[in-house]
Amino acid sequence: APPPKVPQDVQVKVHWLTIEGSTPTIPDNPPMDEDTLVIDAPTISLDTTETINSVAPHEISREQQLYFRELTTKCITTDKTIRDEAVQSLSTDPGLAAVLPRLTVFIIEGIRVGLGESKMYYIQYMLEMLDNMIQNKAIRLEKFLHDIIPAVISCMVCTQICARPLELDHWTVRGNAARILSALVRAHNMGTNQIQSRVTRMLHHALDKHNSSLVSYFGVLAGLCELGPLTINLLSSPRFGVFTGGGVKSAPRPRTR
């Protein structure tokens, strides 16, 4: 009988398991499970006439899709008890990691629509969600900071964030946005990304604009104060001339006899 064939040497082949969250359809990867759906980005309903569509698809399972819809619906409901419970769950729920890209888009687009339509209550909802997400140790927001930080700064410096600025307390909302910005910087600032220095430069560029409104200056100064007193003392004090027309004016001394 002829001798058996010599077995081939073991070979290792490299292939992509996932590319930007999507599994390539190639023979080396197992077929997708029937319970896994590739769906478009979330639709955020503000009322019966306006919707927001996400710009990027995100692959999630059917259960995760239902979880995301239920969570976001509760976070923007008018029932304060249900909303508070859902928002607080964002600070502890480890399941957010699976829907984090979609949830980030939800918040950013919600802020954009809230600013565009001057719906301050909706901006407040989005900031509350983001504030609790920062406290969640099971998720990391580094990959989304390039979108989150500009959205938060817009809440601070936008000229009008509500329809009745003389009646509604938009100052508190701007202050909350500044506090959230500071929390983002503290949580993610490293020597490699230099987030704090970049955010500080961005705010100081806004402070140097002489045609900005008073509310915009307030938002910038609130953000700088939250970044620390050293930032205000070293960088902002020389720019107070914007408010005094040339320099910081000292208060007149009382006359004494």
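Described in the following lines is the structure provided in the data block. (Residues numbered from 1 in each chain as written. Predicted model: local features only at pLDDT ≥ 70, side-chain atom pairs only at ≥ 80, totals over all residues. Heavy atoms only, no water.)

**Focus: the overall build of the protein**
1) Next: On a plain count of helices and strands, the protein comes out with 10 helices and four strands.
2) Next: Moving toward the C terminus, one meets the helices and strands of the protein in the order β-β-β-β-α-α-α-α-α-α-α-α-α-α.
3) Next: Here the protein holds 257 residues, and 40% of them are scored as buried.
4) Next: Partitioning the contacts of the protein with sequence separation of at least 6, the portion at a separation of at least 24 is 63%.
5) Next: With the model as given, the accessible surface of the protein reaches about 16300 Å², and the carbon-plus-sulfur share is 55%. (Helix = DSSP H or I, 4+ residues; strand = E, 2+ residues; numbered from the N terminus. Buried < 20%, exposed > 50% of the residue type's maximum accessible area, 1.4 Å probe, protein only. Contact = heavy atoms within 4.5 Å. Areas by Shrake-Rupley, 256 points an atom, 1.4 Å probe, with all protein chains shown as cover.)

**Topic: empty space enclosed by the protein**
1) Next: A full pass over the atoms with the stated rule returns one cavity of 30 Å³ or more.
2) Next: The space that makes up the largest cavity amounts to roughly 50 Å³.
3) Next: Looking at the lining of the largest cavity, the elements that each hand over two or more residues are helix H3 (96-116), helix H4 (120-134) and helix H5 (145-157).
4) Next: The leading source of residues in the lining of the largest cavity is H3, at four residues. (1 Å grid on protein atoms, 1.4 Å probe; cavity = no way out; pocket = protein on both sides within 12 Å on 5 of 7 lines; lining within 4 Å. Points joined across faces, edges and corners; volume = space filled by probe spheres on them.)

**Notes on the packing of helix H1 (residues 62-75) against H3**
Packed helices, taken two at a time, are described by the angle between their axes plus the distance between the axes.
1) Next: It is at 10 Å that the axes of H1 and H3 come closest, and there the two elements cross at 50°. The orientation of H1 with respect to H3, classified from their angle, is oblique. The handedness of the crossing between H1 and H3 is right-handed. For the pair H1 and H3, contact is made by Gln64, Tyr67, Phe68, Leu71 and Thr72 and by Leu96, Ala98, Val99, Arg102, Leu103 and Phe106, respectively. (Axes fitted to C-alpha atoms, helices over the stretch in contact; angles between N-to-C directions. Parallel < 35°, antiparallel > 145°, perpendicular 65-115°, else oblique. Left-handed = near helix turned anticlockwise from the far one by under 90°.)

**Describing the nonpolar core**
Side chains that are nonpolar tend, in soluble globular proteins, to be buried together.
1) Next: Met126, Met129, Leu130, Met133, Leu141, Leu184 and Leu203 are the most contacted members of the largest nonpolar core, which has 57 residues in total.
2) Next: Here the element with the most residues in this core is H4; it accounts for 10 residues.
3) Next: Every residue in contact with Met126, bar those within four places of it in the chain, is listed here: Ile76, Phe106, Ile107, Gly110 and Ile111. (Core = buried A, V, L, I, M, F, W, Y, C linked by side-chain atoms within 4.5 Å.)

**With respect to the pattern of salt bridges**
1) Next: Per the counting criterion, the structure on display carries six salt bridges.
2) Next: A salt bridge links Glu109 to Arg112; the nearest nitrogen and oxygen atoms lie 2.8 Å apart. With Glu109 and Arg112 both in helix H3, this residue pair falls three residues apart, about one helical turn.
3) Next: The residue Arg140 makes a salt bridge to Glu142 at a minimum N-O spacing of 2.5 Å.
4) Next: Overall, Glu142 belongs to the partly exposed group, its relative accessible area being 32%. (Salt bridge = Lys/Arg side-chain N within 4 Å of Asp/Glu carboxyl O.)

**Here we look at the packing of H5 against helix H6 (residues 170-188)**
1) Next: In contact at an axis separation of 8 Å, H5 and H6 are set at 155° when each is read in the N-to-C sense. One element, H5, and the other, H6, form an angle in the roughly antiparallel class. By crossing handedness, the relation of H5 to H6 is classed as left-handed. The segment H5 lies against H6, with Leu145, Ile148, Ile149, Val152, Ile153, Cys155, Met156 and Val157 engaging Arg174, Ala177, Ala178, Leu181, Leu184 and His188.

**What about a nonpolar patch on the surface?**
1) Next: On the surface, Trp171, Leu214 and Phe218 cluster together into a nonpolar patch covering about 290 Å² of accessible area.
2) Next: Looking at the secondary structure, you find Phe218 in helix H8 (residues 214-226).
3) Next: Note on Phe218: relative accessible area 32%, which makes it partly exposed. (Patch = residues over 30% accessible without salt bridge, like charges linked within 9 Å, V, L, I, M, F, W, Y side chains within 5 Å.)

**Examining H4**
1) Next: In a regular helix each residue adds 1.5 Å, so 15 residues correspond to 21 Å; H4 covers 21 Å between its end C-alpha atoms and thus fits that length.
2) Next: In terms of burial, H4 is largely enclosed, as 12 of its 15 residues are buried.
3) Next: Among all positions in H4, only Met120, Tyr122, Ile123, Tyr125, Met126, Leu127, Met129, Leu130, Asp131, Asn132, Met133 and Ile134 are buried. (Expected span 1.5 Å × (residues − 1).)

**Some words on the environment of Lys80**
1) Next: With respect to the helices and strands, the residue Lys80 is situated in helix H2 (residues 80-89).
2) Next: Looking at Lys80, the relative accessible area reads 51%, which means it is exposed.
3) Next: A distance of 2.6 Å separates a polar atom in the side chain of Lys80 from a polar atom in the side chain of Asp84. (Polar contact = N/O pair within 3.5 Å; in protein donor to acceptor, adjacent residues only side chain to side chain.)

**Some remarks on the packing of aromatic side chains**
1) Next: Using the criterion set out here, one finds five aromatic pairs in the structure.
2) Next: Between Tyr121 and Tyr122, the ring centres sit 6.2 Å apart and the planes meet at 90°, which makes this aromatic pair edge-to-face.
3) Next: The partly exposed category is assigned to Tyr121, whose relative accessible area is 39%.
4) Next: Taking the centre distance of 4.9 Å and the plane angle of 85° together, the rings of Trp171 and Phe218 count as edge-to-face. Placement of Trp171 in helix H6 and of Phe218 in helix H8 is noted, with a sequence separation of 47 residues between them.
5) Next: Residue classification places Trp171 among the partly exposed positions, given a relative accessible area of 34%. (Phe/Tyr/Trp six-rings, centres within 6.5 Å; stacked < 30°, edge-to-face > 60°.)

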